[in-house]
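Summary of the model geometry
Chain by chain, the residues run as shown.
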Amino acid sequence: MSEVQRKKYTEQEKNKIFDGEFMPHIDSMYNFGYRLTFDEDDAKDLVQDTYLKAYRFINSFEQGTNAKAWLFRILKNSFINDYRKKSKQPSKVDYQEVETYYNSDDVDYSMTSDLRVDSVKDMLGDEISNALNSLAVDFRTVIILCDLEGFTYEEMAKILDIPIGTVRSRLHRARNLLKEKLRSYAQNMGYNTDEEG
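Residues numbered from 1 in each chain as written. Predicted model: local features only at pLDDT ≥ 70, side-chain atom pairs only at ≥ 80, totals over all residues. Heavy atoms only, no water.

**A look at the overall build of the protein chain**
A count of helices and strands for the protein chain gives ten helices and zero strands. Shown N-terminal to C-terminal, the secondary structure of the protein chain runs as helices and strands in the order α-α-α-α-α-α-α-α-α-α. Counting across all 197 residues of the protein chain, residues that qualify as buried make up 31%. For the protein chain, contacts bridging at least 24 residues in sequence account for 65% of all contacts bridging at least 6. Looking at the protein chain as shown, the accessible area adds up to about 13,600 Å², and 51% of this sits on carbon and sulfur atoms. (Helix = DSSP H or I, 4+ residues; strand = E, 2+ residues; numbered from the N terminus. Buried < 20%, exposed > 50% of the residue type's maximum accessible area, 1.4 Å probe, protein only. Contact = heavy atoms within 4.5 Å. Areas by Shrake-Rupley, 256 points an atom, 1.4 Å probe, with all protein chains shown as cover.)

This is the structure:
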């Protein structure tokens, strides 16, 4: 962004922009964060980090422009940066803690298997979410931004920092992948899934 577009806001103006233009999008931000991370706590951390960065760099936001797209771009970039950091770190498990727990008299093996069943039980009925979540993050992101959040191709190109042609082709591919994943579900629900034309 050029220096001409940057504006030095007063504290009162910063708070007005933050409360009036940024905060109304917090639910959408959480939903997007959750669909990227699949974890409530990670999504909350991602949203919190996004809003901290948004406030910190509020002078690079041009008042009256699309605040939601600006916030989504910050969240997406934060997610990518966190993902890269985590993928470079080896997994950490405190084996001593696990061993101590399972060797103790307090362990309830039926409780452990019940927890597994409970965690899977809530996931079984939602085929559409499962299909969406099984897509690679690039494909999942364009579906979420376009079909769930309603962004235009131009806005998505800015958020994802890719050419508009890439947005269109990625969205087309993502929709086809999702269609394939949901074909048997649609047939079970009574829809005709035969290809036409």
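**Details of the pattern of salt bridges**
Applying the stated criterion across every chain, the model contains six salt bridges. Across the pair Lys 68 and Glu 149 runs a salt bridge whose closest N-O atoms are separated by 3.1 Å. On the criterion of sequence distance, the pair formed by Lys 68 in helix α4 (residues 67-88) and Glu 149 in the loop between α8 (137-148) and α9 (153-160) is long-range, its members being 81 residues apart. By the burial criterion, Lys 68 is buried, and Glu 149 matches it. For Arg 73, the salt bridge goes to Asp 161, with nearest N and O atoms at 3.4 Å. Highlighted residues: Arg 73 in helix α4 and Asp 161 in the loop between α9 and α10 (164-188), separated in sequence by 88 residues. (Salt bridge = Lys/Arg side-chain N within 4 Å of Asp/Glu carboxyl O.)

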